[in-house]
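Single-letter residue listing:
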Amino acid sequence: MPRGRLRIYLGAAPGVGKTYAMLCEGHRRRERGTDVVAGLVETHGRARTARLLEGLEIVPRRTLTYRGADFTELDVDAVVARRPQVALVDELAHTNVPGSRNAKRWQDVDELLDAGIDVISTVNIQHLESVNDVVRHITGIPQRETVPDEVVRRADQVELVDMTPEALRRRLAHGNVYLPEKVDAALANYFRVGNLTALRELALLWLADEVDEQLDRYRAEHGIADTWEARERVVVALTGGPEGDTLVRRAARIAARSKGADLLAVHVTRADGLAGGDPALLAQQRALVESMGGTYHQVVGDDVPRALLEFARGVNATQLVLGASRRGRVAQIFSRGVGVETTARSGSIDVHMITHEQAKKGRERPQRSRAALTRRRRLAGWAVALTGLPLLTAVLLPFRGTLALPSVILLFLTSVVGVALIGGMWPAITAAVAGSLLLNFFFTPPTHTLTIADPENFFALLVFVFVAVAVSMIVDVAARRTREAARAGADAEILSALAGHVLRGEAAVPSLLARTRETFGLVSVTLLQRRPEAGQGPDDRSDPASWRIVATSGAEPCTCPGAAGTDVDIDGDLVLAARGRLLDASERRVIEAFAAQLAVALRQVRLEEEAERARPLAEADRMRTALLAAVSHDLRTPLAAAKAAVESLRATDVEWSAEDRAELLETADESLAKLDRLVVNLLDMSRLQAGVLGVAAQPVAVEEIVPRAVDDLGPLAAEVKIDISPDLPEVVADPALLERVLANVVANAVRYTPAGESVLVTASRYGDRAEIRIIDRGPGVPRDAYERIFLPFQRLGDRDNHSGVGLGLALARGLTGAMGGELTPDETPGGGLTMILTLPVAVHTHDVIEGSAELGGSPNPGGSPDSGGSEDPGGSRDAGGSGDARGSGDAGGPLDAGGAAS
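Analysis parameters
- Residues numbered from 1 in each chain as written.
- Predicted model: local features only at pLDDT ≥ 70, side-chain atom pairs only at ≥ 80, totals over all residues.
- Heavy atoms only, no water.
- pLDDT = per-residue confidence, 0-100.
- Helix = DSSP H or I, 4+ residues; strand = E, 2+ residues; numbered from the N terminus.
- Contact = heavy atoms within 4.5 Å.
- Pairing = 2+ DSSP bridges.
- Buried < 20%, exposed > 50% of the residue type's maximum accessible area, 1.4 Å probe, protein only.
- Axes fitted to C-alpha atoms, helices over the stretch in contact; angles between N-to-C directions.
- Patch = residues over 30% accessible without salt bridge, like charges linked within 9 Å, V, L, I, M, F, W, Y side chains within 5 Å.
- Areas by Shrake-Rupley, 256 points an atom, 1.4 Å probe, with all protein chains shown as cover.
- Salt bridge = Lys/Arg side-chain N within 4 Å of Asp/Glu carboxyl O.

Some remarks on the confidence of the model for the chain
Averaged over every residue, the pLDDT of the chain is 76; the share at 70 or more is 75%. Ranking the elements of the chain by mean pLDDT puts helix α13 (residues 329-334) last with 54 and strand β6 (residues 86-89) first with 95. Across residues 364-370 the pLDDT falls below 50, and counting only partners more than four positions away or on other chains, this stretch makes 7 contacts in the model. In the model, residues 844-902 has pLDDT below 50 throughout and makes 206 contacts with residues more than four positions away in sequence or in other chains.

In structure tokens, the structure reads:
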């Protein structure tokens, strides 16, 4: 029986319309005469979705009892017994109630497919296993239920149901997704614009990768070698020469011209290992490629143009970047070169030939080892050649009359081969020449002369010499290749160890120096830097006063490059100096790779040090800005009020009643009290900026601070509504600074709220953070002006609301940052501006208790979508629904009173 086909509707978030699209597809197929049943569809109380179920046959669900409550799940046996052509099964990532035959719904679907039934299902991107941790980092809520990516990748069709974040939020605001009492909490937590945008990007990227893999499979199955320009892919070829940096940067600029283009760098290594590039330069160029968002690849091939084009076609590249040839004019006469050959064979791939400073300067050839064999073996070969042949001649002379000349030649040839195996080419060639003379003199008629009477004997001697020389050269080349292969293997092992060293995070300069010293068996390895005041004269490399030691490993560190046995220039002012045995050329190439990595590690350390030094300056600057903003605005208001009250009391031309005098005195007293608090706070900020006073961060109850901040507004406090749950945990903050921040932000919100509307102050918990939201219904602020509203010294009367929302926000953001929090603006659903003050909770407790949101219960809204793929933001499910069998109806567990998943 053929296996059924699986079609999946993939969505970025709940509410985008996956279930709706699945039901519409079911109706389309039913209208075409296909036998379609609804195996399990979750409507979540949406009227439009429920209406789509009308006209479709619904297979009864299976009822299971768990923890005293009844739950329903997909009845696989009933669907198989019904044997429809197509079954609609919602929420592929759902976890079945304990006692079910399968733990996961996707396993139920797999059984239906095995039975030959086509299945249409749905899944959200947050439930895919590969992006589970990414979603948790973005939303702050763990997704408890996941489906393996391979299950979705095996689907015959995956269709994205897409919707912009703004459109989805409008759907929620209009009540098309959740009940009205759940909308505000959902919009304020999981369904933020930033969260939805990130989830949408994840869905698009995941599906793009899947489409890319499908395209590669199709091309491979149909033997398509031509490039299909579905996506721009720029491949840059690196030779390991100094021009590589220029080529990488040029290729990166080409890739940047196309949105979403890929950058790939490739280095072709000859199969014999002789034509490799400079490992130090390749390491630098690899780091450069990766810093620009590209990837580095290495392939092996004797035909470089062919290897390049095979790689480019294999990755479906559209453009290939090559450097202009470094070969001279004479060399180009005999060979067209890699660039010309690659261009001629490129076909539909665009080839860019980039000029550089090294063009036509000639190519440095790798040094070949002069000695393929050890000195002992060469001496042994000479000894055998000088003594073995005379000894063989003496042994064969008594048998000269009985042995034919070909037999004697074969014996001499065997001796020459033995010399070649022992001593290499030159002893063997010498033995071949000497053997030919001995054969001519003692065994070729007429004997005891160098004359050869028979032409056949002359030919035999020539063949002997030719074969002996050829065998000698072959043995020498084989020995050379064996030695080079062993050296290459050792170098590869060393570089592999270096790569693992870096990947394990041990790339600190002292650690790399120690690893370099141990690898090459050196006495000491020192990283030297030229002193800024020292010149670059001809003798400065031997002057210790011109250099300083950055780091060292081992005894007797070098104080200057001239005192080192081996020194490697990393850049103009940085040198790696090694003391101990002298390193040969091949070892020097490997140590250059270590030097390149040392330079990267040193640069990283220095950047971290600079960032650490800049951090206090940034903090001081932030405090200074807040201080100036406070002096320019907050001190002036109470001072003016107190001054006006006192001047009114001192006026002699007005007779004040006792009630008026009491009111003026009360005004002066309130203003001076506020002024006193401001001065105390400013003094504390000054001490904080000077480093002598820290922020008095402590557990603070938000429900106590907010009313005090609102009371500071005076008559404007009547326009503010406070809705804060007493169950909200305490936050870590400075009480006085938090009160000032809230007073400034709420005052701005009141000032721009239309008459008849109120400012709402709410608070909720979101993971390990608490959020205080100040919501107004004013004209709002464009998103591109969000940062400009925090500019200091900005006054509301000077600008309209589209350029900024007024005074005090710069101070509020500065003080919030000093307390370790954040102050960010957001759009109010339905119009207006919402300021979100985020602070860490005082005590992080694990609120997710198994079974606390019992199946059949209804946790508060505002958390994440439920873990079974439900599109209910609170994860609520009635006892007859398909609840989470583990007692948690949502992905993030039970929800606190603030509406966010804890």
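Quick word on the sheet that holds strand β8 (residues 157-161)
Reading across the sheet, the 6 strands line up as β3-β2-β6-β7-β1-β8 and stay open at both edges, with parallel pairing between neighbours. The two strands at the open ends of the sheet, each matched to only one other strand, are β3 (57-58) and β8. The pairing of strand β1 (residues 6-11) with β8 spans 5 bridges and is parallel. When the sheet's bridge partners are listed, Y9 is paired in β8 with E159.

A short note on helix α25 (residues 809-818)
Where burial is concerned, most of α25 is hidden: 8 out of the 10 residues are buried. Within the span of α25, buried status applies to L809, A810, L811, A812, G814, L815, T816 and G817. G820 occupies a position one or two residues after α25 and carries a positive phi of about 85°.

Overview of the environment of M819
Position of M819 relative to the elements: it lies in the loop between α25 and β23 (822-827). As a C-alpha pair, M819 and A696 span 123 residues in sequence and 8.7 Å in three-dimensional space.

Here we look at the sheet that holds strand β19 (residues 720-723)
One open sheet accounts for 5 strands, arranged β19-β21-β22-β24-β23; its pairing is mixed. The outermost strands of the open sheet, each flanked by one partner alone, are β19 and β23. Strand-to-strand twist of the sheet, defined as the mean angle between neighbouring strand axes without regard to direction, takes the value 25°. Pairing analysis gives 4 bridges linking β19 to strand β21 (residues 759-766), with the strands arranged parallel. The residue of β21 that forms the bridge with V720 is V759.

Observations concerning a nonpolar patch on the surface
A cluster of nonpolar side chains, W382, L386 and W426, forms an exposed patch at the surface whose accessible area comes to about 370 Å². Looking at the secondary structure, you find L386 in helix α15 (residues 375-396).

Here we look at the pairing of β1
By the criterion of burial, β1 is predominantly enclosed, with 6 of the 6 residues buried. Across the two faces of β1 the burial is the same, with L6, I8 and L10 and R7, Y9 and G11 all buried. Both β1 and strand β7 (residues 118-124) contribute to a ladder of 6 bridges, which runs parallel. Residue G11 lies in a different strand from β7, and its bridge partner there is N124.

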